[in-house]
Amino acid sequence: MKTLLIKDCMILTMVEGEKPFLGDIWIADGRIAKIGPSIEEEADRVILAKNRVAMPGLINAHNHASMSLLRAFSDDLKLMDWLDKKMLPAEARMTREDVYWGTTLGIAEMIASGTTAFADMYVHMDAVAQAVLDSGIRASLTRGMVFLEDDGGRRMAEALNLIDNWTGAGDGRITTMLGPHAPYTCPPEPLQGVIELARKRQIPLHIHLAETIEEGEKIRAKYDQTPTEYLHELGMFHDTHVLLAHAVHLNESDVALLRGMRGGVAHNPVSNLKLGCGIAPVRELIEAGVTVGMGTDGAGSATTLDMFAEIKAATWMQKLKHGDPTVLPAEAALRMATIESAKLLAIDHEVGTLEAGKRADLILIDLDKPHLLPVHDIHALLAYSATGADVDTTIVNGEILMHQRQFQTLHWEEIKREATARASRLVEGL
Ligand SMILES: CSC[C@H]1O[C@@H](n2cnc3c(O)ncnc32)[C@H](O)[C@@H]1O
Ligand SMILES: [Zn+2]
């Protein structure tokens, strides 16, 4: 049995109703075996965590990690121009190896800023899966499918290969979904096929929804429906777990259509702000009982994968939208980035809170910093002042992926060399 004891930290379990307390966490064979005020157990390794906060690892519920190679390459454009004129031409040049190194760069940033799991939609997903396996992080992987032209079934075959070959790999760290890209890239016939397959095999779905006003106009012109109505009429919200990314432009009746859905919405506030998309109806969705988690989207749009930036943006945007600072308080925002996101990835039975029996996915945050003193309210301090750079240690499945800000599974010099060269080649002349 492999054991790890974390001693003397302030523990934030994120279990509803539980208050922060000082204590220890004993991890055995990748799971939290004991958590409490004082644990006297032998361990292979002990981390003295005085002045650290232990909390569940952050869960990034929507990402395209490999797009880290396209960070700060194209900004300040409208979404469709950004996608069609910049991202897609660069992505057309991406090889399997580019995706491996781009994903590894994204994973390095996530581990360094306290993310222990992410949901990813991209291409060359076997390379993404390999990067997840090698790094030790947890992920829900989806082959993104755009059905604007016939490819003889290649995308679907790749999507199913990913599911058949990688589900459960890395001691359960890898899970999979089916990923029709968005309403505007998925006509009714192929989309219905994906939905039926998902229902038959009980495979969760991951899709972009209602990100921009232009998307709404496109779908209205084609089908005389909102994007949400379009997915609803095709049966997407019936007996299938669905991870909806963005969901910015929903009217009241769209929100009502999502009431009772399995899965929920991944809110991407920084990307929505930066692309000028709008402010998602987070409060209305939560009031309707829809699970709302949080993600960054790819670094190609968000520029950073730091979930602490998303937490801040999410609460500030809701307060601004409603002209009311009591909306989306600190603890609720932290919950969105942990247990609510875990529900979206359908892994909340394993991670998302610190509880005995759950997988040991957690982070230690160093409070020994001017901007993190004094500790009046730990939730407010973490949501409104902490940044990813305050994360000292990142642990997934009981394995230490970063300690004292040093990567334990990744080789930064190699990542830097590979990512720099590949990124330059991808954007040359674009
Ligand atoms: C077919 S793989 C995924 C596909 O999605 C693109 N993408 C990245 N960010 C967004 C976004 O905010 N909205 C829509 N599509 C996005 C990415 O470039 C890949 O081509
Ligand atoms: Zn996206």
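In the annotation of an unreviewed UniProt entry, the entry for the chain reads 5-methylthioadenosine/S-adenosylhomocysteine deaminase, and the organism field reads Brevibacillus brevis. UniProt, in its Sequence similarities (unreviewed entry) section for the chain, records the words "Belongs to the metallo-dependent hydrolases superfamily. MTA/SAH deaminase family." Regarding the chain, the UniProt comment filed under Function (unreviewed entry) reads as follows: "Catalyzes the deamination of 5-methylthioadenosine and S-adenosyl-L-homocysteine into 5-methylthioinosine and S-inosyl-L-homocysteine, respectively. Is also able to deaminate adenosine."

Draft legend 1. Layout of the pairing of strand β5 (residues 52–56). Most of β5 is tucked away, with five of its five residues classed as buried. Pairing geometry for β5 and strand β14 (residues 362–366), over five bridges, is antiparallel. When the sheet's bridge partners are listed, Ala-54 is paired in β14 with Leu-364.

Draft legend 2. Representation of the side chain of Arg-155 within the structure. Looking at the secondary structure, you find Arg-155 in helix α4 (residues 154–166). A relative accessible area of 9% places Arg-155 in the buried class. Among all residues touching Arg-155, those that are not within four sequence positions of it are Arg-143, Met-145, Val-146, Phe-147 and Glu-149.

Draft legend 3. Up close: the site of ligand 1. Neighbouring residues of ligand 1: 16 residues in total, closest His-64, Glu-91, His-181, Glu-211 and Asp-297. Contacts to ligand 1 include His-64, whose side-chain N or O atom sits 3.5 Å from a nitrogen atom. With respect to ligand 1, the side chain of His-181 contributes an N or O atom lying 2.9 Å from a nitrogen atom. With the chains in place, 95% of the 450 Å² that ligand 1 exposes on its own is no longer accessible. Of all the secondary-structure elements, those providing two or more residues to the shell around ligand 1 are α1 (79–92) and β7 (115–122). It is α1 that contributes the most residues to the shell around ligand 1, five residues altogether. For the shell around ligand 1, the residue count by class is eight nonpolar, five polar and three charged.

Thresholds applied
Residues numbered from 1 in each chain as written. Chains lettered and ligands numbered in written order. Predicted model: local features only at pLDDT ≥ 70, side-chain atom pairs only at ≥ 80, totals over all residues. Heavy atoms only, no water. UniProt positions renumbered as here; feature names shortened; annotations may be inferred. Buried < 20%, exposed > 50% of the residue type's maximum accessible area, 1.4 Å probe, protein only. Helix = DSSP H or I, 4+ residues; strand = E, 2+ residues; numbered from the N terminus. Pairing = 2+ DSSP bridges. Contact = heavy atoms within 4.5 Å. Near = heavy atom within 4 Å. Polar contact = N/O pair within 3.5 Å; in protein donor to acceptor, adjacent residues only side chain to side chain. Areas by Shrake-Rupley, 256 points an atom, 1.4 Å probe, with all protein chains shown as cover. Nonpolar A, V, L, I, M, F, W, Y, C, P; charged D, E, K, R; others polar.

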